[in-house]
Every structure is written in C-alpha cells, then in structure tokens.
Amino acid sequence: MLGPEGLGGPAAGPLGGPQPAQAVTAEQLLFLEAWRAVDRAYVDKGFNGQPWFRIRETYLKKEPMEEREQTYAAIRKLLASLDDPFTRFLEPARLARLRGDTEKSEVTGVGVEVSLTEEPGGPSKSLLKVVSPTEGGPSERAGVRPGDVIAAVDGKPTRGISLYEASDLLQGPAGSSLTLTLQSPGKDGKLGAPRDVQLVREKVVFRPVSYATCSGVSPSAGVGAGKEGGGKVEYIRVTTFNNSTVDGVVAAMREGKAAGVDGLILDMRNNGGGSFPAGVQVAKLLLAGGDIVLISDSSGVRDIYSADKALSLDTTTPLSVWVNKGTGSASEVLAGALKDNGRGTIVGETTFGKGLIQTVVNLSDGSGLAVTVAKYQTPSGLDINKIGITPDIRISPEALAVGGDAVCRQLAEPAAPRIFG
C-alpha cells in the first residue's frame, strides 16, 4: 500500500477530512511491480544514492503511464537511474528468448559473447566489449579477440545500447552478413584506430567440453620429470558452463585417471561463464574441502558454497588452470576457488573481472527484470568485479596452443612452457 502522499492515501482534503481515494491504474500497478522487485532484491540498498521511496512517488505523479509502451519507458528510466548496465528491463519477447537461449546448445549469429563497460556518465556512455569469441566461430576466424570494443554494427554506433539491443544486431538469419567496426586496446589501455571486419552469420554450436590425453610431455612443462618417454597430462578445454559441462568434465577426468596421467590441464580461456551452478559443481569435482565462493550483498556475506568430499573425483593430481581476459563470471569463480585453496596453478593473464550476480524477476504481463542481487567473492574474500583473477604464471595467451592435438604437440617439445607450479 502507498503512504499518505501516494495514490489512494488518506491525505487531508480541502475541509480537513480525507480526500477521495484515487484509483491506481493497471499501468501504474505494473510499474509498482518493477519498483518493488528492485527494492527487495537490488544489491545496493543505497540505490545509487537516490531516495528510492521518493522516486516511486515522483514517477507515479509525473511519468506518463497511460499505455504499455509508456509504462515500459518509465521502468527503463527507473532502472537507468541505478547506473548499472546489468540491471535491465526485458520485454516479453526478450524474456522468452532469454529463457529459451539458456537451454540451447546453438545459436545463429557471429559467435561472440559481449558485455558492457561501466563508463563515467552512466549506461548511456557504456562501450560494447568482447568477452570471448566462440571457438571456431565466425568472429574467432576473423581475428576478433577478447577485449576488442565493437564500436558499430553495420555502421550503427553501439555506445550506450543495451545487451539485448546488441544481441538483436549480432544475431540473424544464417548466411546474412554484417560488418563490425572494432577497436583493440593497446598496451597502454587506449583504444586503437577503428577497423572493419565483415562476417557472415552461421549456426554456432556450443561444445562445452573437449579433451585429449597427451603423452611424451617434456619435463620443462613441470610434470613427469624422470619418466621414461615423458609424462602424461589430460587436457580439458571448457568453453562454457551449461547443463552438459559437468558430465563432460567427469568423462575427461575419468579418461585421464584410466590413462594414469601425471597432470591435468583445465583450459578456460575465452570462457565467458554461463551457468553458475555448473561452475560450482566442477569445483566440487576437484576440491577435497574448503570454500568455493562467497556470495555477498549490501549486508555482507549472505551465502557460502563449499566443497563436498563425497562429490570429489580427483583432488591430488597436479592441476594447471589456463585463463585469459576472456575468462569471466562462473569461470572466474572456479579459477578463484582453485587458486585460493591451493589446488591449481593459474596460468595466462588476468581474467575479465565480472563478479556480479543477476536474477530474473517475472512481471505480471510476461515482461521481466534482470536485477543485480549480489557479488561473488573468492574464498579469500577477494571481490573480483573489475579486478579479475591474477595468474600465478604469466604467459601470453598466444604462447599457448589451443585444442587437444595442438596442445599435445606443444607440450612434447623440449622447450615446452612451464605450466605447473
């Protein structure tokens, strides 16, 4: 219920008695649903320094909400005031597509995961940034790399657009073409000159896990020293976390155990994340004990995910975890858990630094909100958002091969890079 200054409240009338109640319209009720969802769930209870209840009253009195599109515009404006690019409004069609996409193993587009940077001036100034190109997809083949900024799509500037507007631009019918205008960051962090890359959309299939057993591994890699014929490692590449990832990792680890490998490689380069529970489950396969991740909100730590020895599969074989700046979200949770528990050696470069958690709230008309509700922290308490996971061994991403056959060949070379601590 609204208070005395709100619609329908018992504020005094002209003769001192209560004035007649004003009906709350269906459109205003939908707006109130969205406001309450943010009020209850949003991670920042300061609401970006705004008087949240007063904003509710101001919008109800001053924002036009006579038809559905006006109501949607008011909700978008409300969310934009939070200055959080990850808290956003989802029209019914977008919400339905989002729920469908989480179950898909393929999508038609250019094979690239993107995120928005947080820039001074708020979401209207944000840049569309590549988190990771899909392995073998059109973007990767054309040389698109993690960290590239997509300045325009088919000449349309992308600064300030939402992730869902970006999805609309990047996805489309198989065989259709588009042009990305890209800017790559230099060593000083500044963006270079724009360059155009023409791509053709195709059906991109997600293979979450691939693996291979490498024999004849050089001692210079850090495992198998003194073994006749070289050591053995199981190379496991995880490109995303979804419903199939855990089964794939289990199969790979069992193959490695049967082969008697001396080490495991978990390659999460360009893995932008995906299912948080799947990332936690993979951690449980590798840890005998300890915490995996802490979940914190404005009140502090509210939940802790810990290892379960009953679910562990291999907690002792030396482990090398490969990451780069395309490693984000659930992948960073896993890398952080393995690092802080001393289970693995982190190899590569500092990860992306996306440590925010969103939940989707349904509204009564079929639309919804993606709301930032919490942050990840590694077991040591590190807030990884905008920071990422720092490697134990720094190696340029280009210095390590990709894919089972190529990795096996590289590790068999006498001067193979050291990847185990």
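Residues numbered from 1 in each chain as written. Predicted model: local features only at pLDDT ≥ 70, side-chain atom pairs only at ≥ 80, totals over all residues. Heavy atoms only, no water.

- For the protein, an unreviewed UniProt entry supplies the name C-terminal processing peptidase and the organism Chlamydomonas incerta.
- Looking at the Catalytic activity (unreviewed entry) heading of the UniProt record, one finds this comment for the protein: "The enzyme shows specific recognition of a C-terminal tripeptide, Xaa-Yaa-Zaa, in which Xaa is preferably Ala or Leu, Yaa is preferably Ala or Tyr, and Zaa is preferably Ala, but then cleaves at a variable distance from the C-terminus. A typical cleavage is -Ala-Ala-|-Arg-Ala-Ala-Lys-Glu-Asn-Tyr-Ala-Leu-Ala-Ala."
- What the UniProt record of the protein gives under Function (unreviewed entry) is the line "Protease involved in the C-terminal processing of the chloroplastic D1 protein of photosystem II. This proteolytic processing is necessary to allow the light-driven assembly of the tetranuclear manganese cluster, which is responsible for photosynthetic water oxidation." (UniProt positions renumbered as here; feature names shortened; annotations may be inferred.)

### Quick word on the domain arrangement of the protein
Then, number 1: Annotation of the protein at the domain level lists domain 1 (26-84), domain 2 (108-203) and domain 3 (209-412).
Then, number 2: Averaged C-alpha coordinates put domain 2 and domain 3 at centres separated by 25 Å.
Then, number 3: Across the contact, nine residues belong to domain 2 and twelve residues belong to domain 3.
Then, number 4: For the pair domain 2 and domain 3, the summed buried surface comes to about 910 Å²; carbon and sulfur atoms form 54% of the total. (Domains from an automatic or database assignment. Contact = heavy atoms within 4.5 Å. Buried area = accessible area lost by both parts, 1.4 Å probe.)

### Quick look at the pattern of salt bridges
Then, number 1: Across all of its chains, the model carries 16 salt bridges by this definition.
Then, number 2: For Asp-168, the salt bridge goes to Arg-94, with nearest N and O atoms at 2.9 Å. Remark: Arg-94 occurs in helix 4 (residues 92-101) and Asp-168 occurs in helix 6 (residues 163-170); sequence separation between them is 74 residues.
Then, number 3: One salt bridge in this structure joins Arg-141 and Glu-202, with 2.9 Å as the shortest N-O distance. One end of the pair, Arg-141, is in helix 5 (residues 138-141); the other, Glu-202, is in strand 9 (residues 202-205), and 61 residues separate them in sequence. (Salt bridge = Lys/Arg side-chain N within 4 Å of Asp/Glu carboxyl O. Helix = DSSP H or I, 4+ residues; strand = E, 2+ residues; numbered from the N terminus.)

### Re helix 6
Then, number 1: Restricting attention to buried positions, one finds in helix 6 the residues Leu-163, Tyr-164, Ala-166, Ser-167 and Leu-170. All buried residues of helix 6 fall inside an arc of 155° around its axis, so they share one side. (Buried < 20%, exposed > 50% of the residue type's maximum accessible area, 1.4 Å probe, protein only. Arc of directions from axis to C-beta.)

### A word on the nonpolar core
Then, number 1: By size, the foremost hydrophobic cluster in this structure holds 63 residues, and its most contacted members are Phe-31, Leu-266 and Leu-369.
Then, number 2: Sequence-distant contacts of Leu-266, that is, excluding residues within four places in its chain, are made with Ile-236, Val-238, Leu-286, Leu-319, Ser-320, Val-321, Trp-322, Leu-334 and Leu-338.
Then, number 3: In this structure, Ile-161, Leu-170, Leu-178 and Leu-182 belong to the second largest nonpolar core, which totals 18 residues. (Core = buried A, V, L, I, M, F, W, Y, C linked by side-chain atoms within 4.5 Å.)

### Digging into the pairing of strand 12 (residues 263-267)
Then, number 1: The buried fraction of strand 12 is high, at five of five residues.
Then, number 2: Taking every second residue as pointing to the same face, both faces of strand 12 are buried, with Gly-263, Ile-265 and Asp-267 on one and Leu-264 and Leu-266 on the other.
Then, number 3: As judged from the five bridges shared by strand 11 (residues 231-238) and strand 12, these two strands associate in the parallel manner. Counterpart to Ile-236 in the pairing with strand 12 is Leu-266.
Then, number 4: Taken together, strand 11, helix 7 (residues 245-259) and strand 12 constitute a β-α-β crossover, and its handedness is right-handed.
Then, number 5: With four bridges connecting them, strand 12 and strand 15 (residues 319-323) associate as parallel partners. Residue Leu-264 lies in a different strand from strand 15, and its bridge partner there is Leu-319. (Pairing = 2+ DSSP bridges. Right-handed = clockwise from strand over helix to strand, strands pointing away.)

### Notes on the packing of aromatic side chains
Then, number 1: Throughout the structure, instances matching the rule amount to nine aromatic pairs.
Then, number 2: With a centroid separation of 6.2 Å and 15° between ring planes, the pair formed by Trp-35 and Trp-52 is classed as stacked. One end of the pair, Trp-35, is in helix 1 (residues 26-41); the other, Trp-52, is in helix 2 (residues 52-62), with 17 residues separating them in the sequence.
Then, number 3: Residue class for Trp-35 comes out buried when judged on its relative accessible area of 2%.
Then, number 4: Through pairs of rings, three or more aromatic residues link up here, namely Trp-35, Tyr-42, Phe-47, Trp-52 and Phe-53.
Then, number 5: Positioned over the ring face of Tyr-59 is Lys-77, at 5.8 Å from the centre of the ring. (Phe/Tyr/Trp six-rings, centres within 6.5 Å; stacked < 30°, edge-to-face > 60°. Lys NZ or Arg CZ within 6 Å of the ring centre and 35° of its normal.)

### Quick look at helix 2
Then, number 1: Trp-52, Ile-55, Arg-56, Glu-57, Tyr-59 and Leu-60 are the residues of helix 2 that are buried.
Then, number 2: Lining the buried residues of helix 2 we find helix 1 and helix 3 (68-80).

### Observations concerning the sheet that holds strand 16 (residues 345-348)
Then, number 1: Ordered in space as 10-11-12-15-16-19, the six strands form an open sheet in which the pairing is mixed. One side of each edge strand has no neighbouring strand; the edge strands of this open sheet are strand 10 (209-217) and strand 19 (393-394).
Then, number 2: Examined bridge by bridge, strand 16 and strand 19 share two bridges and lie parallel to one another. When the sheet's bridge partners are listed, Gly-348 is paired in strand 19 with Arg-394.
Then, number 3: Those strands touched by helix 7 are strand 10 and strand 11, and its axis lies near 20° from that of strand 10.
Then, number 4: In the packing of helix 9 (residues 330-340) onto the sheet, the strands contacted are strand 12, strand 15 and strand 16, and the crossing angle to strand 15 comes to about 145°. (Axes fitted to C-alpha atoms, helices over the stretch in contact; angles between N-to-C directions.)

### Considerations on empty space enclosed by the protein
Then, number 1: Across all of its chains, the model carries one cavity of 30 Å³ or more by this definition.
Then, number 2: Here the largest cavity is characterised by a volume of approximately 40 Å³.
Then, number 3: For the largest cavity, the full set of lining residues is Ile-236, Val-249, Met-253, Leu-264, Leu-266, Val-282, Leu-286 and Leu-319.
Then, number 4: The set of elements that each furnish at least two residues to the lining of the largest cavity consists of helix 7, strand 12 and helix 8 (276-286).
Then, number 5: Taken together, the residues of the lining of the largest cavity break down into eight nonpolar, no polar and no charged. (1 Å grid on protein atoms, 1.4 Å probe; cavity = no way out; pocket = protein on both sides within 12 Å on 5 of 7 lines; lining within 4 Å. Points joined across faces, edges and corners; volume = space filled by probe spheres on them. Nonpolar A, V, L, I, M, F, W, Y, C, P; charged D, E, K, R; others polar.)

### Considering the environment of Ser-380
Then, number 1: Here Ser-380 shows up in the loop between strand 18 (368-377) and strand 19.
Then, number 2: Each C-alpha atom of the pair Ser-380 and Arg-40 lies 28 Å from the other, and the pair is 340 residues apart in sequence.
Then, number 3: Here the side chain of Ser-380 touches Asp-340 through a polar contact of 2.8 Å, side chain to side chain. (Polar contact = N/O pair within 3.5 Å; in protein donor to acceptor, adjacent residues only side chain to side chain.)

### Side note on the packing of helix 8 against helix 9
Then, number 1: As a packed pair, helix 8 and helix 9 sit with axes 8 Å apart at the nearest point and diverge in direction by 25°. Relative to helix 9, the element helix 8 is oriented roughly parallel. The handedness of the crossing between helix 8 and helix 9 comes out as right-handed. Between helix 8 and helix 9, the contacting residues are Phe-276, Gly-279, Val-282, Ala-283 and Leu-286 on the first element and Ala-330, Val-333, Leu-334 and Leu-338 on the second.
Then, number 2: Residue composition of the contact of helix 8 with helix 9, grouped by class: eight nonpolar, one polar and no charged. (Parallel < 35°, antiparallel > 145°, perpendicular 65-115°, else oblique. Left-handed = near helix turned anticlockwise from the far one by under 90°.)

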